[in-house]
Amino acid sequence: MSRSAHPAGPRHGDVLPEGHYAAPPADLNSIDSRVWARTVRRNEDGVITIGGVDVAALAEEFGTPAYFLDEEDFRGRCRAWKDAFGEGADVFYAGKAFLSRAVVRWLAEEGMNLDVCSGGELATALAAGMPAERIALHGNNKSVDEITRAVEAGVGRIVLDSFQEIVRVAHIADRLGKRQRVQIRVTVGVEAHTHEFIATAHEDQKFGIALAGGQAAEAVRRVLKLDGLELTGIHSHIGSQIFDMAGFEVSARRVVQLLTEVRDEHGVELPEIDLGGGLGIAYTSDDDPREPHEIAKALGDIVTRECAAAGLAVPRLSVEPGRAIVGPTAFTLYEVGTVKELDGLRTYVSVDGGMSDNIRTALYDAEYSVALASRASDAPPMLSRVVGKHCESGDIVVRDAFLPADVAPGDLLAVPATGAYCRSMASNYNHALRPPVVAVRDGAGRVIVRRETEEDLLRLDVG
């Protein structure tokens, strides 16, 4: 390998052995449509654009770091999921991925339902006008206040997560003179092929009531005896960032088996089954996610086949995509501040954000792509690590990336697929100000979540 072609850049050609890292992409200026929002392009000047607006103009108007969200893409993905599952199923957007009042209005306009898992998410949904009957409330430890507000509002379903919660929700519903529709979340013993912290269907974790040992069957017995609760179905969620449908097949088979046991013991055929969400997206060009219509067909076929074998009527299917809708629709834009070459290792490229706006790399060892956004470059690829400005060595945005060797302070970098969980999990670590979320559409951007200010920080500090 020549020095000029070395993945760490021309100054590292005689240090790292050939093949130490995967080869850099053939074209550092290319935009992979699987990873980026659908309106993202490079214009004739080599500048990345979204919704017809170039990043230099966006940075000048809204500053950096900032999340830029493709509203047209978001709405299109909602429609794709709705169309794929059709009128015989329900699609709930998982609000934990990213939620704001503007997003709630988009969801309502596109005919989507909404899954919330906290009082704050419920408050946002109701404040933005989402009909309560289209809201589902999740959570492993819902407070009395959260449950009370949900029942008072008339949410369409509460997903029960424990034996204690069965009693808690029933008591609140009785006190309010209401009959609350509920589902029981079961853990089906399927360990999805994902990070330990986001696999949620094996028994040794905090969510749900286990099928093993008859616990889920006992939960059904208890719910059916309570006048304040109307049991509509069974809920299962096996994890997040999943590409393989095999786990869903096992989960569906076990949930249908529980439905069969309920019919045989109680003479009741529950009308709903929710297989959760967790479908993966492309963070890098190596990821190969399934399209909504493929997912819908696979899940529909699985449930239909299992119900036919059990002699059950096919229940109404629900799914809960969150990341799969909002994740690909946004990128985070940063400004480069410092470029530090470590001979024999890599070049560290420091940006004006970091783990306060994207904790996922530190938390899950998540992988991301990154691109020089403010210009094109024909410089050779340089092995880089994009890092933030926080006082932590683990403050990494992109662990291993290839950037042009001429990256310099003042350049803009864009990290795609940051629509899910980045703003939702953002923090004020080091008293950083959380970035704004800017929706871009038809040649204009508008703030839907404003940038925090120092006044915001000090307002909470009562001294």
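Residues numbered from 1 in each chain as written. Predicted model: local features only at pLDDT ≥ 70, side-chain atom pairs only at ≥ 80, totals over all residues. Heavy atoms only, no water.

S.K.: Got a minute to help me understand the overall build of the chain in this structure?
M.R.: A count of helical and extended segments in the chain gives 12 helices and 21 strands. The 463 residues of the chain split such that 56% are buried. Residue pairs at least 24 apart in sequence account for 70% of intrachain contacts in the chain once pairs closer than 6 positions are excluded. On the chain, roughly 19,400 Å² of surface is accessible, and the fraction owed to carbon and sulfur atoms is 47%. Side-chain charges in the chain split into 49 positive and 69 negative, and the spacing between the mean points of these groups amounts to 4 Å. (Helix = DSSP H or I, 4+ residues; strand = E, 2+ residues; numbered from the N terminus. Buried < 20%, exposed > 50% of the residue type's maximum accessible area, 1.4 Å probe, protein only. Contact = heavy atoms within 4.5 Å. Areas by Shrake-Rupley, 256 points an atom, 1.4 Å probe, with all protein chains shown as cover. Lys, Arg positive; Asp, Glu negative; His and termini not counted. Charge placed at Lys NZ, Arg CZ, Asp CG, Glu CD.)

S.K.: What exactly am I supposed to notice about the packing of aromatic side chains here?
M.R.: The description of an aromatic ring pair rests on the distance of the ring centres and on the angle between the ring planes. Here the structure, examined in full by the defined rule, presents 7 aromatic pairs. Centre to centre, the rings of F68 and F331 are 6.1 Å apart; their planes meet at 50°, and the pair counts as tilted. A residue pair is termed long-range when its members are at least 10 positions apart, and F68 in strand β4 (residues 66–70) and F331 in strand β14 (residues 330–342) qualify at 263 residues. Each member of the pair, F68 as well as F331, carries the same accessibility label: buried. The ring of Y348 has K340 sitting right over it, with the charged end atom 6.0 Å from the ring centre. (Phe/Tyr/Trp six-rings, centres within 6.5 Å; stacked < 30°, edge-to-face > 60°. Lys NZ or Arg CZ within 6 Å of the ring centre and 35° of its normal.)

S.K.: Please clarify how helix α4 (residues 119–127) should be interpreted in this entry.
M.R.: Of the positions making up α4, those classed as buried are E121, L122 and A125. One face of α4 carries all of its buried residues, which in axial projection span an arc of 100°. Elements that come into contact with the buried residues of α4 comprise α3 (101–109), β6 (113–116), β7 (135–137) and α5 (144–153). Positive phi shows up at G129, right after α4, with a value of about 95°. (Arc of directions from axis to C-beta.)

S.K.: In this structure, what is going on with empty space enclosed by the protein? I would like to understand it.
M.R.: Inspection of every chain in the model, using the stated rule, returns 1 cavity of 30 Å³ or more. Surrounding the largest cavity, Y67, L69, F98, A330, T418, G419, C422, R423 and V437 form its lining. (1 Å grid on protein atoms, 1.4 Å probe; cavity = no way out; pocket = protein on both sides within 12 Å on 5 of 7 lines; lining within 4 Å. Points joined across faces, edges and corners; volume = space filled by probe spheres on them.)

S.K.: Help me out: how do you make sense of the layout of surface pockets in this one?
M.R.: Where empty space is left in the structure can be found by rolling a water-sized probe over the atoms. Looking at the largest pocket, its volume works out to about 810 Å³. What lines the largest pocket is a set of 30 residues, and nearest its centre among them are P25, T284, S369, D400 and F402. At the level of secondary structure, the elements contributing two or more residues to the lining of the largest pocket comprise β16 (371–372) and β18 (396–404). The dominant element in the lining of the largest pocket, judged by the number of residues it contributes, is β18, at 7 residues. Among the residues making up the lining of the largest pocket, the classes are represented as 19 nonpolar, 4 polar and 7 charged. Taken as a whole, the second largest pocket spans an internal volume of roughly 640 Å³. Listing elements by their share of the lining of the second largest pocket, those giving two or more residues are α10 (323–326) and α11 (360–364). Here the lining of the second largest pocket is composed, by residue class, of 11 nonpolar, 11 polar and 9 charged. (Nonpolar A, V, L, I, M, F, W, Y, C, P; charged D, E, K, R; others polar.)

S.K.: Would you explain the nonpolar core in this entry?
M.R.: One recurring pattern in soluble globular proteins: nonpolar side chains tend to sit buried together. Formed by 105 residues in total, the largest nonpolar core has its most connected members in F74, F85, Y93, I158 and I184. If you look at the next biggest cluster of nonpolar residues, it comprises 23 residues, including W36, V55, A282 and A414. (Core = buried A, V, L, I, M, F, W, Y, C linked by side-chain atoms within 4.5 Å.)

S.K.: Where do I start with the pairing of β4 in this structure?
M.R.: Regular strands place side chains that alternate from one sheet face to the opposite one. Taken across its 5 residues, β4 has 5 buried, putting it largely inside the fold. Judged by which residues are buried, β4 turns out to be covered on both faces: A66, F68 and D70 on one side and Y67 and L69 on the other are all buried. In terms of strand pairing, β4 meets β14 through 4 bridges, oriented antiparallel. Paired with A66 across the two strands is L333, which belongs to β14. One ladder, built from 4 bridges, connects β4 with strand β20 (residues 437–441); its direction is parallel. Paired with Y67 across the bridge in β20 is V437. (Pairing = 2+ DSSP bridges.)

S.K.: Which parts of the structure should I look at to understand the pattern of salt bridges?
M.R.: Using the criterion set out here, one finds 32 salt bridges in the structure. Note that K297 and D301 form a salt bridge whose closest N and O atoms lie 2.7 Å from each other. One end of the pair is K297 and the other is D301, both in helix α9 (residues 292–310) and 4 residues apart, which spans about a single turn. By relative accessible area, which is 54% here, K297 ends up exposed. According to the relative accessible area criterion, D301 is partly exposed, its value standing at 36%. (Salt bridge = Lys/Arg side-chain N within 4 Å of Asp/Glu carboxyl O.)

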